[in-house]
Amino acid sequence: SPHAHARFTIHELDRVRAMPRVRLVLTAAEVAALGPLPTPGVLPGVDIKIPVYPILAKDVVRHVGDAVAFVVADSLAAAKDAAEAIAVDWQPLPHVIGAMAALAPGAPWVWSDRPNNLAFETELGDADATRAAFARAARTVELTIVNQRLVTNYMDTRGVIAEYDGQRYTLTLGSQGSHIIRDIICNDVLRIAPGRMRVVTPDVGGGFGTKLFPYREYALAAVAAERTGKPAKWVCERSEHFLGDSHGRDNISTARLALDDKGWFLALGLDIVADMGAYLSCYAPYIPWLGAGMATGAYDIPAAHVRLRAAYTNTVPVDAYRGAGRPEASYLIERVVDAAARELDVAPDALRRRNLIKPKAMPYTTPTGKIYDSGDFAGTLARAQEIADWNGLNKRAAASKRAGRLRGIGIATYVEACGNNGPETANIQLERDGGVTVLIGSQSTGQGHATSYAQLVAERLDLPPERVRVVQGDTDLIASGAGTGGSSSIPVGGVSVDRASKALAEQLKQLAADALEAAPTDMEIAAGAVRVAGTDRVISFADLAARPETKPEQLRASSEFGVEQPTFPNGTHIAEVEVDPDTGATAIVNYVVVDDFGATLNPLLLAGQVHGGAVQGIGQALMEDTVYDPASGQLLSASFMDYAMPRAADAPDFVFETRNVPCKNNPLGVKGAGEAGAIGSCPALINAVLDALWRACRIRTIDMPATPQKVWAAIAAAGKAKSA
């Protein structure tokens with residue numbers, strides 16, 4: 001669809017179907033038997049009337065890029081020619097862009113049966129206690145911020161190859177969990193038994209949440225393979241990705257913080273409006289609710305109340321993107337704490353230190369019901385300040401001023417909830433060559449699962465990690481899987497792998513005891529073999545596997561792990577920047593991260609996760625912006641010519657270390673790490689930019705992205721106001 005909202009009719013399809021090399025043209029009429037894309041991510045206790053998200057729109061489109069036809073041909077060029085030849089009569093309808101505009105009186109309705117575009121409304125916390133705390137507060141601080149919409153770009157775009165053998169479908173595609181894709185496509189869309197489909201996910205170049213759920217093209221490719229009798233391939237072009245794949249973030253929020261006369265936090269009130277787009281994507285309603293649950297962050301705030309509203313707009317649907325609600329929550333609380341520090345004329349680190357939850361308060365229950373099990377929030381702050389040479393800033397700022405630059409420093413002390421997606425089952429098998437195969441339903445999209453899981457197996461079985469083969473992403477080989485999301489692969493999948501490895505080790509000791517005629521308690525595992533402790537009597541894994549007496553089930557072990565309580569990784573980001581007042585350009589001159597991930601499994605992989613997440617935060621803070629034209633509804637930033645992405649030159653030389661406090665909710669003591677970098681980076685950077693602008697120009701606020709144009713305009717406006 002080239003329109004944000006329109007009625008349409010399609011004509012002359014017989015002519016298009018007769019074009020050379022065209023095999024199939026599907027419209028809503030041809031796929032009427034398919035179910036819509038579902039929304040399993042609903043909220044507890046909230047009645048949400050979920051609109052139909054059709055595989056192909058029938059007579060109304062609701063955003064630019066909405067799908068109305070699927071064309072299959074012998075070549076991509078022939079398919080494009082046929083698509084362009086389809087005659088569509090469009091009757092544009094009124095549209096609305098932006099959540100606040102959508103909820104305003106008189107706005108056009110995206111759905112005729114969803115009055116005033118309200119998708120749902122809910123609340124968290126204690127409204128009465130919060131109101132009472134504000135009534136007795138000595139000071140209150142209020143701040144409204146925009147957490148802008150992002151296009152969730154990953155390295156390789158989505159793609160699918162569909163095959164049908166007359167009985168079963170096979171889909172080969174890039175995903176974050178082949179079982180999730182299979183089950184939703186089969187149960188909800190194709191309405192067949194999941195056993196009739198195999199989903200295979202090979203190597204994947206990035207996912208960040210956006211590849212966790214199914215899209216229209218997967219079911220359409222399956223239908224195409226069945227109806228043409230040929231394998232059907234679809235690969236998303238980058239422009240299609242901008243217009244069709246789910247976007248991220250897009251909240252407008254107002255925070256009110258109540259303080260007493262000594263600077264202690266008394267209460268927090270939040271009013272959050274989340275843009276859902278035109279449809280409710282898979283987990284879309286759950287994302288802002290998940291963030292609202294982390295509203296008070298790392299602070300001891302006795303009372304809180306969150307009002308959460310979600311709006312329909314004529315835009316691409318929004319869903320999970322790295323951090324999924326927690327970056328929005330951290331950004332909001334960290335921005336308002338900095339604003340409070342300026343209002344009180346106290347140092348931002350001092351105000352934080354006074355109000356951070358103390359280790360002796362653990363376990364700590366927040367006003368929204370989260371139970372923090374462990375952490376030393378002030379400890380990570382102090383260590384980050386030490387590394388960043390916090391006390392030397394004034395000297396560096398003076399040097400920057402002499403060079404015509406504005407220098408600022410910003411803090412973000414964050415805590416997030418993650419690491420409890422599951423359950424996940426690990427199956428471990430000793431092979432005849434003495435190596436080990438791990439079958440698990442999580443899915444690496446660049447995190448290095450093969451390395452991490454192999455480490456856990458190698459430690460239990462005393463094998464070189466290269467002797468461990470990790471298999472993911474095949475629903476025929478792996479019975480079940482929760483996929484990869486919510487930083488849960490090591491906290492959940494890792495525990496399963498570790499426990500299954502331990503069980504296999506015990507089984508191998510028993511087998512070796514029988515072979516060596518010794519007691520199982522005398523057996524020890526060493527160097528890929530089992531030996532009688534204190535002797536040279538030994539039998540290799542390969543020989544154990546080859547013994548005629550050995551049964552196949554004795555060489556296999558399985559363990560399932562799932563947990564209700566999340567882990568709570570936390571830490572401090574400190575960013576130091578220089579702003580050029582003549583151009584508005586921001587340069588990151590220092591960036592320090594000190595994190596508490598409970599325990600570290602692989603330091604290099606962990607650093608890579610933190611660096612990658614932080615760079616995504618840099619992108620949002622300084623350059624990325626999804627821009628729709630309110631008048632036409634067109635996505636103006638629909639390519640890399642218009643949508644700025646961070647490059648290597650935009651990334652600083654990160655200083656990263658851990659200050660771990662073992663997690664009490666996890667058997668390995670680990671806390672999820674995959675999303676943390678994206679959670680602490682945005683508030684640290686914007687607080688740093690605002691620190692520079694406040695020192696020089698008394699500028700109080702700026703919204704992301706802090707582009708050179710936006711920063712320069714703010715400096716110019718402050719200069720005019722001062723002159724006046």
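From a predicted model like this one, the values you see are computed outputs, not experimental measurements.

Engineer: For this particular structure, what's the right way to read the overall build of the chain?
Structural biologist: Secondary structure assignment for the chain yields 18 helices and 27 strands. On C-alpha atoms alone, the chain measures out to a radius of gyration of 28 Å, which is about the 27 Å that the 2.2 N^0.38 rule sets for 724 residues. Working note: accessible area of the chain is about 28,300 Å², and carbon and sulfur atoms make up 52% of it. Separation between the mean location of the 70 positive side-chain charges and that of the 81 negative ones in the chain comes to 4 Å.

Engineer: Is there a simple way to think about the packing of helix α13 (residues 449-461) against helix α14 (residues 489-516) in this case?
Structural biologist: How two helices pack is summed up by the angle between their axes together with the distance between the axes. For the pair α13 and α14, the least separation of the axes is 9 Å and the interaxial angle reads 30 degrees. It follows that α13 is roughly parallel to α14 by the angle criterion. In the crossing of α13 with α14, the sense of the turn from one axis to the other is right-handed. Of α14, the residues touching α13 (which contributes H449, S452, Y453, L456, V457, R460 and L461) are S489, I490, G493, G494, V497, D498, S501, K502, L504, A505 and L508. The residue makeup of the contact of α13 with α14, split by class, is nine nonpolar, six polar and three charged.

Engineer: Can you help me understand the nonpolar core in this one?
Structural biologist: Nonpolar side chains tend toward joint burial in soluble globular proteins. F120, L171, L190 and Y372 are the most contacted members of the largest nonpolar core, which has 152 residues in total. The biggest single contributor to this core is helix α17 (residues 676-697), with eleven residues. Those residues in contact with Y372 that sit more than four places away from it in its chain are M294, G297, I357, M362, P363, Y364, T366, F377, V415 and F568. Among the nonpolar cores identified, the runner-up in size contains 35 residues, and V436, L508, L511 and A545 belong to it.

Engineer: Teacher, can you tell me more about the pairing of strand β25 (residues 570-579) here?
Structural biologist: In the case of a regular strand, side chains alternate between the two sheet surfaces. Where burial is concerned, most of β25 is hidden: ten out of the ten residues are buried. Here β25 shows no split at all, with N570, T572, I574, E576 and E578 on one side and G571, H573, A575, V577 and V579 on the other all buried. Taking the residues that link successive antiparallel strands as the turn, the β25-strand β26 (residues 586-596) hairpin has six residues, and the phi of G584 there is positive, at about 80 degrees.

Engineer: What's the story with the sheet that holds strand β7 (residues 139-151) in this structure? I'm lost.
Structural biologist: Note on sheets: strands pair through backbone hydrogen bonds, and any given pair is parallel or antiparallel. The five strands are arranged β6-β14-β13-β12-β7 in an open sheet whose pairing can be described as mixed. The two strands at the open ends of the sheet, each matched to only one other strand, are β6 (118-125) and β7. On average, adjacent strands in this sheet sit at an angle of 10 degrees to one another, irrespective of strand direction. Inspection of the sheet shows β6 paired to strand β14 (residues 303-312) by seven bridges, in the antiparallel sense. Bridge assignment links T122 to a residue of β14, and that residue is L308.

Engineer: Help me out: how do you make sense of the pattern of salt bridges in this one?
Structural biologist: Counted by the stated rule, this structure contains 45 salt bridges. The salt bridge involving R131 is made with D128; its shortest N-O contact spans 2.9 Å. Residue R131 and its partner D128 are located together in helix α4 (residues 127-135), separated by three residues, close to a single helical turn. For R131, a relative accessible area of 53% translates into the label exposed. A residue is classified by how much of its surface remains accessible, and D128, at 53% relative accessible area, is exposed. Across the pair E343 and R700 runs a salt bridge, and its minimum N-O distance is 3.2 Å.

Engineer: When you look at the side chain of S488 in this model, what are you seeing that I'm missing?
Structural biologist: Along the chain, the position of S488 falls in the loop between β20 (468-471) and α14. For S488, a relative accessible area of 5% corresponds to the buried category.

Engineer: Mind showing me how you'd approach unusual backbone geometry here?
Structural biologist: Leaving glycine out, the prevailing phi sign among residues is negative, and the prevailing peptide bond configuration is trans. Here G422 and P423 are connected by a cis peptide whose omega angle stands at 0 degrees. Mapped onto the fold, P423 is located in the loop between β17 (406-415) and β18 (424-430). Residue P705 is reached from M704 by a cis peptide bond, and omega for that bond is -10 degrees. When you line up the elements, P705 lands in the loop between α17 and α18 (708-723). If you check the backbone angles, R191 has positive phi at about 60 degrees while not being a glycine. Following the sequence through the fold, R191 ends up in the loop between α5 (178-190) and β10 (197-200). Of the residues examined, R191 reaches a relative accessible area of 52% and is grouped as exposed.

Thresholds applied
Residues numbered from 1 in each chain as written. Predicted model: local features only at pLDDT ≥ 70, side-chain atom pairs only at ≥ 80, totals over all residues. Heavy atoms only, no water. Helix = DSSP H or I, 4+ residues; strand = E, 2+ residues; numbered from the N terminus. Rg over C-alpha atoms; globule rule 2.2 N^0.38 Å. Areas by Shrake-Rupley, 256 points an atom, 1.4 Å probe, with all protein chains shown as cover. Lys, Arg positive; Asp, Glu negative; His and termini not counted. Charge placed at Lys NZ, Arg CZ, Asp CG, Glu CD. Axes fitted to C-alpha atoms, helices over the stretch in contact; angles between N-to-C directions. Parallel < 35°, antiparallel > 145°, perpendicular 65-115°, else oblique. Left-handed = near helix turned anticlockwise from the far one by under 90°. Contact = heavy atoms within 4.5 Å. Nonpolar A, V, L, I, M, F, W, Y, C, P; charged D, E, K, R; others polar. Core = buried A, V, L, I, M, F, W, Y, C linked by side-chain atoms within 4.5 Å. Buried < 20%, exposed > 50% of the residue type's maximum accessible area, 1.4 Å probe, protein only. Pairing = 2+ DSSP bridges. Salt bridge = Lys/Arg side-chain N within 4 Å of Asp/Glu carboxyl O.

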